[in-house]
Every structure is written in structure tokens, then in C-alpha cells.
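# Structural overview for review
Read off the chains here:
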Amino acid sequence: MKNKSITYIQYPLILISITLCISGIRWLTSSEPWILDQVANEERLQMTFDDLFIIDGNSTLSEYLTQIYRFLGLYVLGIGFLLLSFTSSKFLEIYIVRQRFLSVLGILIVSNLVLAYVWIPSSHFIYLMWGSILLYCFSLYNHIRYNHI
């Protein structure tokens, strides 16, 4: 029974981690990564990217945005791999590791959701965040149940 409970904690965390890795790779490999969330970004800027890039002095802005998004992609990919490396059954069987993992992940995804609603409320990434929160809640519920078995 305990092995099955660890599986119910583990698999949602693996899915969250893989989603982070895929998102990071996407930002790293896209030629114009700011376009991945174009509608929300242009809404936040209150202008289109075309209008933004033709303003005098903004000739290198696209290269700068690419650089920033590459760093974002690298960190998202790194966090995804770091989380993935701690989702093995051996780690998750250790109560304190599981508790800290879930605490940090919960703070991370909830704070990201809050920031997304504040800064880019029309972003399609909000749906991914809600999906991650549902998966997280499933893991958290099974973590709590695991302690009472």
C-alpha cells in the first residue's frame, strides 16, 4: 500500500517537472521566445512588438529580449531537471525530503500563478499553472494520506 501511495505522490511531480523542462527548452530554442506569449506580452506593453521594434533606439531590443528569455528558459529547464532528480521513490520515501520538496514546489507554483494574474492575466501559461496546481494538490493529498497509513 505504501509503494502505491509513493507512486501517487511521485507521478504528478514528474509531470510538473517534465512540463517545466519542455517549457524551458521551448524558450531556449525559439527564435523569438517573447512571441510564445505574444498576446499577453503585447497587452502588458500596450503596443505590438512591431511597433515596439520600430521605435528609435530599440533596434537591438529583439536581441536583448532573446537573451533574457534564453536565461529564463535555462532556469526553468534547470528547475525542471532539479525537481525531476528528486522525484525518485528513494527520495520521496524520506519524509523530510518529501515535505520540503512539496513545500518549496507549492510556494513556487502558487507565487508564479499570483504573479501571472498580476502582470500577464491573459497569458495562456496560466492554464499550465492551474494544471500544475491540480497535480500538486493530488501529490500533497497523497503525502498527507501516506503519513497516516
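Shown above is the structure to which this text applies.
Right, let's walk through the structure included here. (Residues numbered from 1 in each chain as written. Predicted model: local features only at pLDDT ≥ 70, side-chain atom pairs only at ≥ 80, totals over all residues. Heavy atoms only, no water.)

Moving on to the environment of Asn41. As for its placement among the helices and strands, Asn41 is situated in helix α2 (residues 38–45). Here Asn41 falls in the buried class, since its relative accessible area comes to 13%. If near-sequence neighbours (up to four positions away) are discounted, Asn41 is found in contact with Trp34, Phe49, Tyr69 and Ile120. Of the polar contacts made by the side chain of Asn41, one reaches the backbone oxygen of Trp34; its length is 2.9 Å. (Helix = DSSP H or I, 4+ residues; strand = E, 2+ residues; numbered from the N terminus. Buried < 20%, exposed > 50% of the residue type's maximum accessible area, 1.4 Å probe, protein only. Contact = heavy atoms within 4.5 Å. Polar contact = N/O pair within 3.5 Å; in protein donor to acceptor, adjacent residues only side chain to side chain.)

Take the layout of surface pockets next. If you add up the space inside the largest pocket, you get close to 900 Å³. Along the walls of the largest pocket sit 31 residues, with Trp27, Leu72, Asn112, Ile120 and Met129 positioned nearest its centre. Within the residue set of the lining of the largest pocket, elements represented by two or more residues are α1 (2–29), α2, α3 (49–54), α4 (61–85), α6 (95–119) and α7 (125–147). For the lining of the largest pocket, the leading source of residues is α6, giving 7 residues. Of the residues belonging to the lining of the largest pocket, the class tally is 23 nonpolar, 6 polar and 2 charged. (1 Å grid on protein atoms, 1.4 Å probe; cavity = no way out; pocket = protein on both sides within 12 Å on 5 of 7 lines; lining within 4 Å. Points joined across faces, edges and corners; volume = space filled by probe spheres on them. Nonpolar A, V, L, I, M, F, W, Y, C, P; charged D, E, K, R; others polar.)

Another point: α2. Along α2, the residues that are buried comprise Ala40, Asn41 and Glu42. The inward-facing, buried residues of α2 contact α3 and α4. Gln46 sits one or two positions beyond α2 and adopts a positive phi of about 60°.

In this section: the packing of aromatic side chains. In this structure the tally under the stated criterion is 6 aromatic pairs. Seen in terms of ring centroids, Tyr8 and Phe138 are 6.0 Å apart; in terms of plane orientation they differ by 75°. Their pairing is edge-to-face. Pair noted here: Tyr8 is in helix α1 and Phe138 is in helix α7, with a separation of 130 residues, a long-range link. Under the relative-accessibility criterion, Phe138 is labelled partly exposed at 43%. Judged by centre distance (6.1 Å) and plane angle (50°), the rings of Trp34 and Phe49 are tilted. In this pair, Trp34 sits in the loop between α1 and α2 while Phe49 sits in helix α3, placing the two residues 15 residues apart along the sequence. On the basis of relative accessibility, which here comes to 5%, the residue Phe49 falls in the buried class. Clustering of aromatic rings is evident, with ring pairs tying together Trp34, Phe49 and Phe53. (Phe/Tyr/Trp six-rings, centres within 6.5 Å; stacked < 30°, edge-to-face > 60°.)

What follows deals with the packing of α6 against α7. Across the interface, α6 lies against α7 with an axial gap of 10 Å and an inter-helix angle of 155°. With respect to α7, the element α6 is oriented roughly antiparallel. In this structure, α6 meets α7 at a crossing whose hand is left-handed. (Axes fitted to C-alpha atoms, helices over the stretch in contact; angles between N-to-C directions. Parallel < 35°, antiparallel > 145°, perpendicular 65-115°, else oblique. Left-handed = near helix turned anticlockwise from the far one by under 90°.)

This part takes up the nonpolar core. Generally speaking, nonpolar side chains in soluble globular proteins are found buried as a group. Membership of the largest hydrophobic core comes to 27 residues, with the highest contact counts inside it found for Ile9, Leu13, Trp27, Leu105 and Tyr136. Those elements that provide at least two residues to this core are α1, α3, α4, α6 and α7. With near-sequence residues (within four places) excluded, Leu105 lies in contact with Leu13, Ile16, Leu83 and Tyr136. (Core = buried A, V, L, I, M, F, W, Y, C linked by side-chain atoms within 4.5 Å.)

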